[in-house]
Amino acid sequence: NCSYFKHFTPGLSSEIFEVTTQKEYSISAAAIAIFSVGFAIIGTICVLLSFRKKRDYLLKPASMFYTFAG
């Protein structure tokens, strides 16, 4: 028993609080992070190709990829 939580649960019926992470949330957060990094990389490739070969039409897809990454 932790004496901090006895303040919230008066008496002898205090329970032990366990903090557990839910596995489903961590897996989905990792997948979203991987997709965001992928979109940022694709956007960077579009920007670099646009500046190198003067192809201005690649800037619009690059901005969309950066938006998706956010």
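Computed from a prediction, not measured in an experiment: that's the story for all the values here.

Novice: What is the right way to look at a nonpolar patch on the surface in this model?
Specialist: On the surface, a nonpolar cluster with roughly 330 Å² of combined accessible area is contributed by Val37, Ile41, Ile45 and Leu49. The residue Ile45 is located in helix 1 (residues 23-53) in this model.

Novice: How should I be thinking about the UniProt feature "transmembrane region" (unreviewed entry) in the protein chain in this particular structure?
Specialist: When the UniProt feature table is mapped to this numbering, "transmembrane region" (unreviewed entry) covers residues 27-51. Taken as a whole, residues 27-51 contains 100% helix and 0% strand, while its terminal C-alpha atoms sit 37 Å from one another.

Novice: Help me understand the packing of aromatic side chains in this model?
Specialist: In this description, an aromatic ring pair is defined by two values, namely the gap between the centres and the angle between the planes. A complete count under the given rule lists two aromatic pairs for this structure. A ring pair is formed by Phe39 and Phe65, whose centres lie 6.0 Å apart and whose planes are at 25°; its orientation type is stacked. With a gap of 26 residues between them, Phe39 in helix 1 and Phe65 in helix 2 (residues 59-69) connect regions that are remote in the sequence. Given a relative accessible area of 27%, Phe39 falls into the partly exposed group. Each ring, one from Phe39 and one from Phe68, has its centre 5.6 Å from the other, and the planes form 55°; the classification is tilted. Note that Phe39 is positioned in helix 1 and Phe68 in helix 2, a separation of 29 residues in sequence.

Definitions and limits used
Residues numbered from 1 in each chain as written. Predicted model: local features only at pLDDT ≥ 70, side-chain atom pairs only at ≥ 80, totals over all residues. Heavy atoms only, no water. Patch = residues over 30% accessible without salt bridge, like charges linked within 9 Å, V, L, I, M, F, W, Y side chains within 5 Å. Areas by Shrake-Rupley, 256 points an atom, 1.4 Å probe, with all protein chains shown as cover. Salt bridge = Lys/Arg side-chain N within 4 Å of Asp/Glu carboxyl O. Helix = DSSP H or I, 4+ residues; strand = E, 2+ residues; numbered from the N terminus. UniProt positions renumbered as here; feature names shortened; annotations may be inferred. Phe/Tyr/Trp six-rings, centres within 6.5 Å; stacked < 30°, edge-to-face > 60°. Buried < 20%, exposed > 50% of the residue type's maximum accessible area, 1.4 Å probe, protein only.

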